[in-house]
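A structural walkthrough
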Amino acid sequence: MIQKFNVNGMTCGSCRQTVEKSLQGVEGVTSVQVNLSPPEALIEKADRVTLNQLNSALSKAGNYSIGEYQSTTQHKNKGGSCCG
């Protein structure tokens, strides 16, 4: 299954790399593509992988989170761990 998610907390390229690496480390995730602008992630994963599992991995990496994709919603960046 491939899903697109909004990503919160990214402000730079280092944040993007951290988010991508963290999501790739979740068991059941087979591929991840993260974009900084717009802040979104395209994740190929097994059906059993939950949003909570993905967010748990991101919270361990810093002040990041993802939510279900909604093209009309914009989230203010708070800044990840690397850029305060």
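Residues numbered from 1 in each chain as written. Predicted model: local features only at pLDDT ≥ 70, side-chain atom pairs only at ≥ 80, totals over all residues. Heavy atoms only, no water.

1. As for the overall build of the protein chain
Looking only at helices and strands, the protein chain has two helices and four strands in total. The N-to-C order of helical and strand elements in the protein chain reads β-α-β-β-α-β. With 84 residues in all, the protein chain has 37% of them scored as buried. Sequence separation of at least 24 residues holds for 58% of the intrachain contacts in the protein chain that already meet a minimum separation of 6. Within the structure as shown, the protein chain displays about 5,000 Å² of accessible surface, and the carbon and sulfur contribution to it stands at 44%. (Helix = DSSP H or I, 4+ residues; strand = E, 2+ residues; numbered from the N terminus. Buried < 20%, exposed > 50% of the residue type's maximum accessible area, 1.4 Å probe, protein only. Contact = heavy atoms within 4.5 Å. Areas by Shrake-Rupley, 256 points an atom, 1.4 Å probe, with all protein chains shown as cover.)

2. Digging into helix α1 (residues 13–24)
Think of an α-helix as 3.6 residues a turn; residues three or four steps apart then line up on the same face. For α1, built from 12 residues, the straight-helix expectation of 16 Å at 1.5 Å per residue is met to within 8% by its first-to-last C-alpha distance of 17 Å. Among all positions in α1, only Cys 15, Val 19, Glu 20, Ser 22 and Leu 23 are buried. All buried residues of α1 lie within an arc of 165 degrees about the axis, which places them on one face of the element. Residues Gln 17 and Lys 21 are exposed on α1 and point more than 90 degrees away from its buried face. Buried residues along α1 sit against β1 (2–8), β2 (29–35), β3 (40–45) and α2 (51–61). (Expected span 1.5 Å × (residues − 1). Arc of directions from axis to C-beta.)

3. A short note on the pattern of salt bridges
By the definition in use, this model includes one salt bridge. A salt bridge links Arg 16 to Glu 20, with the nearest nitrogen and oxygen atoms 3.2 Å apart. Taken together, the residues Arg 16 and Glu 20, both in helix α1 and four residues apart, mark about one turn of the helix. By relative accessible area, which is 23% here, Arg 16 ends up partly exposed. (Salt bridge = Lys/Arg side-chain N within 4 Å of Asp/Glu carboxyl O.)

4. Thoughts on unusual backbone geometry
Note the cis peptide between Ser 37 and Pro 38, where omega equals 0 degrees. You can see Pro 38 is positioned in the loop between β2 and β3.

5. Here's the deal with the sheet that holds β1
Overall, antiparallel pairing links the four strands, which are arranged β2-β3-β1-β4 in an open sheet. Where the open sheet ends on each side, the last strands, each with one partner, are β2 and β4 (65–68). Averaged over all adjacent pairs, the angle separating strand axes in this sheet is 30 degrees, with direction ignored. Pairing of β1 with β3 involves five bridges; the strand directions are antiparallel. Considered in β3, the bridge of Phe 5 is made with Ala 41. (Pairing = 2+ DSSP bridges. Axes fitted to C-alpha atoms, helices over the stretch in contact; angles between N-to-C directions.)

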